[in-house]
Amino acid sequence: MGNYSALSLLRHAIAPRPLPPAWRNADPKPRYDIVIVGGGGHGLATAYYLAKNHGIRNVAVVEKGWIGGGNSGRNTTVIRSNYVYPESAAIYELSLRLYEGLSRDLNFNIMLSQRGLVSLAHSRHELDLFRNWVNCVQLNGVDARLLTVEQIRSLVPIINVCPRSATPIYGGLEQKRAGVARHDAVVWGYARAADRLGVDIVQNCEVTGFVRDDTGVCGVHTTRGTIRAGKVGLAVAGHSSVLAEMAGFRLPVRSYALQAFVSEPVKPLLDKVVLSGTLGVYVSQSDKGELVIGGGLDHYQSYAQRGNIGTLEDTVAALLELFPCFSRLRLLRQWAGTVDVVRDSSPIIGRSPVAGLYLNCGWGTGGFKAIPGGGWTFAHTLATGEPHPVAAPFALSRFERGALIDEAAAAGIAH
Amino acid sequence: MLLISCPYCGARDEVEFFCAGESHVVRPPSPESASDAEWAQYLFFHGNPRGVVCERWRHVLGCNQWFNVARNTVTHEILAVYAMGERRPEV
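Every value quoted in this text rests on a predicted model; they were computed, and no experiment measured them. (Residues numbered from 1 in each chain as written. Chains lettered and ligands numbered in written order. Predicted model: local features only at pLDDT ≥ 70, side-chain atom pairs only at ≥ 80, totals over all residues. Heavy atoms only, no water.)

**Student:** Please set out the overall build of chain A residue by residue, giving values where relevant.
**Tutor:** From N to C terminus, chain A includes 11 helices and 18 strands. Rg of the C-alpha trace for chain A: 21 Å, near the compact-globule value of 22 Å for 415 residues, within the 12% margin. Based on the C-alpha atoms only, the size of chain A along its principal axes is roughly 65 × 65 × 40 Å. Put simply, chain A has 415 residues, and 59% of those count as buried. Partitioning the contacts of chain A with sequence separation of at least 6, the portion at a separation of at least 24 is 75%. If you sum the accessible surface of chain A, you get close to 16700 Å²; carbon and sulfur atoms cover 54% of it. Positive and negative charge centroids in chain A, built from 41 and 33 side chains respectively, lie 5 Å apart. (Helix = DSSP H or I, 4+ residues; strand = E, 2+ residues; numbered from the N terminus. Rg over C-alpha atoms; globule rule 2.2 N^0.38 Å. Buried < 20%, exposed > 50% of the residue type's maximum accessible area, 1.4 Å probe, protein only. Contact = heavy atoms within 4.5 Å. Areas by Shrake-Rupley, 256 points an atom, 1.4 Å probe, with all protein chains shown as cover. Lys, Arg positive; Asp, Glu negative; His and termini not counted. Charge placed at Lys NZ, Arg CZ, Asp CG, Glu CD.)

**Student:** Residues and numbers for the interface of chain A and chain B, please.
**Tutor:** Counting residues at the interface gives 24 residues for chain A, matched by 24 residues for chain B. Taking both partners together, chain A and chain B bury about 2200 Å²; carbon and sulfur atoms supply 53% of that area. Taken together, chain A and chain B are joined by 0 salt bridges. On inspection of chain A and its partner chain B, the count reaches 13 residue pairs in polar contact (both at pLDDT 80 or more). For the side of chain A that touches chain B, the secondary-structure elements that each account for two or more residues are α8 (240-247), β12 (253-263), β15 (291-301), α9 (309-322) and α11 (398-401) of chain A. Here the residues of the side of chain A that touches chain B are counted per class, giving 11 nonpolar, 8 polar and 5 charged. (Buried area = accessible area lost by both parts, 1.4 Å probe. Salt bridge = Lys/Arg side-chain N within 4 Å of Asp/Glu carboxyl O. Polar contact = N/O pair within 3.5 Å; in protein donor to acceptor, adjacent residues only side chain to side chain. Nonpolar A, V, L, I, M, F, W, Y, C, P; charged D, E, K, R; others polar.)

If you want it as structure tokens, here you go:
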């Protein structure tokens, strides 16, 4: 399997032949050094960085369906790092920096588009909070700037800035380095790069229980047989509580449906990501021309992976308040992912209460943007048994210590 | 979309209701002597079953009363509606 390049593209254009698979669809071996449960972005990134950064190549990623079929394939692909607390800024900025070099690193074009994200304030008080937010972000060493209504209008000419609107815009903030990336490419890029370093990607392999010994977890029972492992890492997002229950403990996680939908494609008319936390909507335009629209969580716990019509209506109403010109567009597709929401809107990375079992969960509504950083720090934790310095504040023990990292406001969309 | 049978008003659309999370979470019996771990369990480590969950709901756009709902988190089927203070039903 060769490298992807302009030359290889040209060669295939001149003499087309079937492309070889980008990764092996491996059968499970009886034993690995590390087994990662969950073949989404976080699981695959973890496997890649285990092999690349730590030289641990006897690794399997087991996935109950197909890779990238969970939340990695159900998000709105927004990437940003404008968080308030230094702990959050460190991990999300690590992620954004890794994203900036990821196409080259993986030899796979993840179509990163740093088009900038504009958040909207709808009252004087919210604008005051935004000032504070911008200051915090800048003190964290991350780019952010406050926007006037005039600046918002020049960046997003189609937006409704009418002061007589029910929810007038008072100002906003922008992170210019924020943007979007192609979600499938991130998953496939990590899968291909991890596979080339020897990682086994085992699909259609659902974990049904854990192999236990005197000390803790030493493998997984799956629908494709028992796999023994030195360590097991969970990267299963909305199903973290289900796996934790199999291992005999609870997590401070609740699973909700988070919806997204796309409109029919139209010509380019929106070259920013626009977010309104107050109205509960955010939107960007994909390369295909579809508007990619996200909203708040559905209102009650769910594992259904399908969205609720009430939340869809609220989100569309908010969208049309901001962009009246979208009113005649039809929605083409609607879907939902099961997201793992933690009370302080921050992730959980590190040891679990059971020896041999490690956690990467709790990303809630913002897991996609954190894939490289989550994988990087989780790989460190799995390889060394110690938390990565950037991930240390996100230990499960913070709930007993009262050391919450309460990102509710900067988490973007209401939790 | 759920059709929820409010015990006081009858069947109404779910948009009239507010879901306040898990029922039957017991506060530590002696708050002064409860450990940090016990407080953390009470405050944060709630049930998140893939299956039946019992929740407190409130009819905010109706009678404003609280009641319990037993609901399946995969199918969203409502299995029981029962009063506050009642025991968790066998469903």
